[in-house]
2 protein chains.
Amino acid sequence: MPERLVVIGGVAAGMSAASRARKLRPEMEIVVLEKGRDVSYGACGLPYFVAGLVARPEELVVYDARFFREKRNIDVRLEHEAIAIEPGKKTVHALRSGSQPVAVRYDKLILATGAAPVLELPGSQRPNVFHCNTLAEAIRLRRFLEEHRPQRAVIIGSGYIGLEVAEALVRRGLEVTILERSNAVLDGIEPEIEQKLEQALAAHGVKLRKGAEAKSILGTGEGPAQGVAYGLSGHEAADLVVFSAGIRPRTELAAEAGIAIGPTGAIATDERMQTNLPGHYAAGDCAEVHNLVTGKSDYLPLGTTANKQGRVAGENAAGYAARFDGVVGTLVTRFFELGLARTGLSVAQARAHGFAAMQVTVSAYTRAKYFGGKKFLLTLIWDQASERVLGCQIAGEDDAAKRIDTAAMALHARMRIEDLLYVDLSYAPPFAPVWEALLVAANEARKQGHRA
Amino acid sequence: MPERLVVIGGVAAGMSAASRARKLRPEMEIVVLEKGRDVSYGACGLPYFVAGLVARPEELVVYDARFFREKRNIDVRLEHEAIAIEPGKKTVHALRSGSQPVAVRYDKLILATGAAPVLELPGSQRPNVFHCNTLAEAIRLRRFLEEHRPQRAVIIGSGYIGLEVAEALVRRGLEVTILERSNAVLDGIEPEIEQKLEQALAAHGVKLRKGAEAKSILGTGEGPAQGVAYGLSGHEAADLVVFSAGIRPRTELAAEAGIAIGPTGAIATDERMQTNLPGHYAAGDCAEVHNLVTGKSDYLPLGTTANKQGRVAGENAAGYAARFDGVVGTLVTRFFELGLARTGLSVAQARAHGFAAMQVTVSAYTRAKYFGGKKFLLTLIWDQASERVLGCQIAGEDDAAKRIDTAAMALHARMRIEDLLYVDLSYAPPFAPVWEALLVAANEARKQGHRA
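All of these numbers come straight from a predicted model, not from anything done at the bench.

**Focus on the side chain of B:Ser244**
Residues and elements named next belong to chain B.
Moving on, step 1. With respect to the helices and strands, Ser244 occurs in the loop between strand S16 (240–243) and strand S17 (247–249).
Moving on, step 2. Judged by relative accessible area, Ser244 falls into the buried class, the value being 12%.
Moving on, step 3. Polar side-chain contacts of Ser244 include one of 2.9 Å to the backbone nitrogen of Gly162.
Moving on, step 4. Here Ser244 is in contact with Ile155, Ile156, Gly157, Ser158, Gly159, Ile161 and Gly162, once residues within four sequence places are set aside.

Below, the structure is given as structure tokens:
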């Protein structure tokens, strides 16, 4: 009997894992249990599908279940919700189509159970209340927009998905209000960068209420939501409510099976993505990640990390030796023309980890002005004691935000300010200014160091 | 009497040096001797001025001589050609306006004498023969284009400046032929990348003759050039000829003064940009540079390096301690919509330096297709023995070429293939695909390594 790999969850991490294992082990039996009706879709593209920039849902689906079954010999079982794992018997128990019990034996198991919204509010089952975390939910939201033509939307939470949904709804002609319980948009963003974002929100007519914690969804009977109550006595009227207040790892299945949960609340793994139970791996939004800047476990659920972890888990489950060392915390998003990116730690995060964090913000052009260059902001964060670079944030138009990758490489290489002063970055008028913002920032950081 | 710094040459390296010294030492006397009529212009923008994308020459001049005199208290002397240095007497001898001898005493000297075209051909003094290496020459070329409306241009040499001038002349409506004596466009370019460039040249109607070494400029009497003779018996008719066949460092002044010339033929310096004579520095296109990939001296004249070397030379001449560790050989250019970039060594260069060089070429998108993403090529070059990354080249539209900076950082940090497999580069559909080309290439390289 061939060895059998079972993967729970068929989105980014799960399908990456299954595909990698198949590539390395043509004879292995591979089963994917997916509770929904879709596999392998680009969840990061959902807001652009809602906006209509992506015309059809199929464009977000990299490959469908049939492709995996027929071309990759992966036994994808849709509408199979795993409900229990018995590690002793190496068996997963699932419900097919919500009711039929199924038991699936495995030799190796990969948990890619994803994440769930953090926030549950009274009234959130009303028909015009949405999340934007699955393809099915995004399709429901878009259909609602097209059929009901709502005018006022309230978005609860201003993380990067909230911002992307805000853009989508503005493009659809809605009046948008964001309720953010903290005092800043985008968690861990530095003040100068945050200010740029607030300007862009205002320029596109988005109303932002900071320090406004959503309390309940307003409405009568079973009818649609009519607004959101927040804070002590605030309320905001709405024809449409979208939740985007953060996610938490789905770990119930793992925890009940005796798989260790880490300090962040997500499934703990080693660098091979193996949990405390040999042969049991975890990857994607349900799993922890090693933060290379802090040297500690972290929870940073992102599509790109899910793909990498999935690939590594799949490779190891197939009997090979792959290693995922960790991330530096790189993120990019945009609100209309304004690109926003970060990598590493913010000043507050760095201080919380015991670093003597300093920061400097500079501006520079993306390219020569006669090639349409735009001025953008770059914040560099470093440790005063060691001069080690700890983080970088960018806000700007044109291709400014993608420059974060250069800083991400510097974090991977544990570079110090001195190492960045004269790095040989590419220059030509259609592409860059003579002094890239990162170099300008490193030179300013050096000056601050001398003064300190 | 205040200490006096004299800088020979007032373009990128020279004015960077003077400005840096001024900033650090308000009381220092600073004199710049510039043989031409312009200082501090963006030489890399000259082809775009010829094309007309930059309307007026003033747009290329960062600051003019008057600005430096009045705002920065730098004694810029235009039309002062240095003709001899007496290190024993710490004196530079110059000719003012081509004839009046002037002697200028110094305490510290910075040589920023730049570079001269390599190739001298019979007939190159004809009125419709141009270089494109100074602002004055670019103005003369553009005026010629506007007044004489030439139809056929021959460009001698296909380095990046030749390509940029070719684009400029195509934009001006000329039929353009490039004569390249070697068998490849752009020195040190890998075959797959070169092929992309040749396709772009053909698509824009540029005729490329490879293996065609220019021998003389054809014409009668003192009259205009009528064409270029090449190879054994070839000739190409032309109303306009532009030289772009490489440059060599201007070192005559230095050599005659006993300043050491390095193995590359350029002025040798230490990491502080000091020559063998204490207090005598060199920076920019006249100076060598330390190549961090090979660990040896190199000659890689580029504007961005000139600015950095100038800054470091100025800082040290002002009594501070700055260090320029070297470059990894990063270059970016474009031909119309096709961006081309490289960093580090080509396979041939790497092998010449004793590395067991391997390469792989992959393609990936710049961003999601629904955001106008374009497929581009990336070639990764590494050493099979150590797995150290040695170079990277990119050809593609959109913002593909600027991604070379990520590879440049990897070279600075001496990363190995294994370090690149899962680097935390930024991902979101408007900016990137899930797997950046660099990561795809590293994974392919790893596979090749296993097979070998």
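So, next bit.
**A word on the relation of the copies chain A and chain B**
Moving on, step 1. Once turned by 180° and shifted 0.0 Å along the axis, chain A lies on chain B with an RMSD of 0.0 Å. One copy is carried onto the other by what is essentially a two-fold rotation axis. Minimal C-alpha distance to the rotation axis in chain A is attained by A:Thr406, lying at 2.5 Å.
Moving on, step 2. Counting the interface residues of chain A, we find that 100% of their copies in chain B are interface residues as well, pointing to one common contact surface.

**Notes on the sheet that holds strand S7 (residues 108–111) of chain B**
All names here are of chain B.
Moving on, step 1. If you walk across this open sheet you meet the five strands as S3-S2-S1-S7-S18, and the pairing is parallel. Two strands in the sheet have a free side with no partner beyond their single neighbour: strand S3 (75–77) and strand S18 (280–282). Each adjacent strand pair in this sheet contributes to an overall mean axis angle of 15°, direction not counted.
Moving on, step 2. As paired strands, strand S2 (residues 29–33) and S3 are joined by three bridges and run parallel to one another. Bridge assignment links Val31 to a residue of S3, and that residue is Asp75.

**As for the packing of aromatic side chains**
For any pair of aromatic rings, geometry is given as the distance between the ring centres together with the angle between the planes.
Moving on, step 1. On inspection of all chains with the given rule, the structure shows 18 aromatic pairs over all chains.
Moving on, step 2. Here A:Tyr48 and B:Phe371 contribute two aromatic rings whose centre-to-centre distance is 4.8 Å and whose plane-to-plane angle is 85°, an arrangement assigned as edge-to-face. Placement of A:Tyr48 in helix H2 (residues 46–51) and of B:Phe371 in the loop between strand S23 (357–365) and strand S24 (375–383) is noted, with the two residues assigned to different chains.
Moving on, step 3. Of the residues examined, A:Tyr48 reaches a relative accessible area of 1% and is grouped as buried.
Moving on, step 4. A connected cluster of aromatic rings, assembled from ring pairs, spans A:Tyr48, B:Tyr370 and B:Phe371.
Moving on, step 5. Across from the ring centre of A:Phe49, 4.3 Å away, lies the NZ or CZ of A:Arg142, which sits over that ring.
Moving on, step 6. Lying across the ring of A:Trp435, B:Arg311 places its NZ or CZ 5.2 Å from the centre.

**Thoughts on the pattern of salt bridges**
When charged atoms on two side chains of opposite charge get close, those side chains can pair.
All names here are of chain A.
Moving on, step 1. Evaluation of the coordinates by the stated rule reveals 73 salt bridges over all chains.
Moving on, step 2. In this structure, the salt-bridge partner of Arg142 is Glu146, at a minimum N-O distance of 3.2 Å. Note that Arg142 and Glu146 are positioned in helix H4 (residues 135–148) at a spacing of four residues, about one turn of the helix.
Moving on, step 3. Its relative accessible area of 35% is what places Glu146 among the partly exposed residues.
Moving on, step 4. We note a salt bridge from Arg171 to Glu167, for which the minimum N-O separation is 2.9 Å.

**Side note on the interface of chain A and chain B**
Moving on, step 1. With 60 residues of chain A at the contact, the number on the chain B side is 60 residues.
Moving on, step 2. Summed over both sides, the interface of chain A with chain B buries roughly 5,400 Å², with 63% coming from carbon and sulfur.
Moving on, step 3. It is A:Met409, A:Tyr422 and A:Asp424 in chain A that bury the most area against chain B; as a group they hold 15% of the surface buried on that side.
Moving on, step 4. Joining chain A to chain B, the criterion identifies six salt bridges.
Moving on, step 5. Between A:Glu315 and B:Arg446 there is a salt bridge, with the nearest N and O atoms lying 3.2 Å from each other.
Moving on, step 6. Summed over the shared surface of chain A and chain B, the number is 22 residue pairs in polar contact (both at pLDDT 80 or more).
Moving on, step 7. At the level of secondary structure, the elements contributing two or more residues to the side of chain A that touches chain B comprise helix H1 (12–24), helix H8 (303–317), strand S21 (331–335), helix H10 (404–412), helix H11 (417–420) and helix H12 (437–451) of chain A.
Moving on, step 8. A total of seven residues in the side of chain A that touches chain B trace back to one element, the largest contributor, which is H10(A).

What counts, and where the lines are drawn
- Along each chain, residue indices are assigned from 1 in the same order as the chain's sequence is written.
- As they are written, the chains are lettered A onward and the ligands numbered 1 onward, keeping that order.
- With the structure being a predicted model, the display of local features is reserved for residues of pLDDT at least 70 and the display and counting of side-chain atom pairs for 80 or more, all residues being used for whole-chain, interface and lining totals.
- The basis for the side-chain values is all heavy atoms of the structure; hydrogens and waters are excluded.
- Numbered from the N terminus, helices here are DSSP runs of H or I no shorter than four residues, and strands are runs of E no shorter than two.
- Accessibility here uses a 1.4 Å probe with only protein chains present; expressed as a share of the type maximum, an area under 20% marks a residue as buried, one over 50% as exposed, and anything in between as partly exposed.
- Any pair of N or O atoms that falls within 3.5 Å is considered a polar contact. Within protein, one atom must be able to donate a hydrogen and the other to accept it, and sequence-neighbouring residues count only if both atoms are side-chain atoms.
- Here, residues are in contact when the closest pair of their heavy atoms is within 4.5 Å.
- Overlaid copies result from least-squares superposition on C-alpha atoms, with residues included only where pLDDT is at least 70 in both.
- Pairing between strands is defined by DSSP: at least two bridges between the two strands are required.
- Throughout, an axis means a line fitted to C-alpha atoms (over the contacting stretch in the case of helices), and angles, computed between N-to-C directions, take values from 0 to 180 degrees.
- Stacked, tilted and edge-to-face are the three classes assigned to paired rings of Phe, Tyr and Trp, where Trp is represented by its six-membered ring and a pair needs centres within 6.5 Å; plane angles under 30 degrees give stacked, over 60 edge-to-face, the rest tilted.
- Two thresholds decide whether a charge sits over a ring: the Lys NZ or Arg CZ must be within 6 Å of the ring centre and within 35 degrees of the ring normal.
- Salt-bridge detection follows one rule: a side-chain nitrogen of Lys or Arg within 4 Å of a carboxyl oxygen of Asp or Glu.
- Buried area, as used here, totals the accessible surface that two parts lose on assembly, with accessibility defined by a 1.4 Å probe and the loss added over both.

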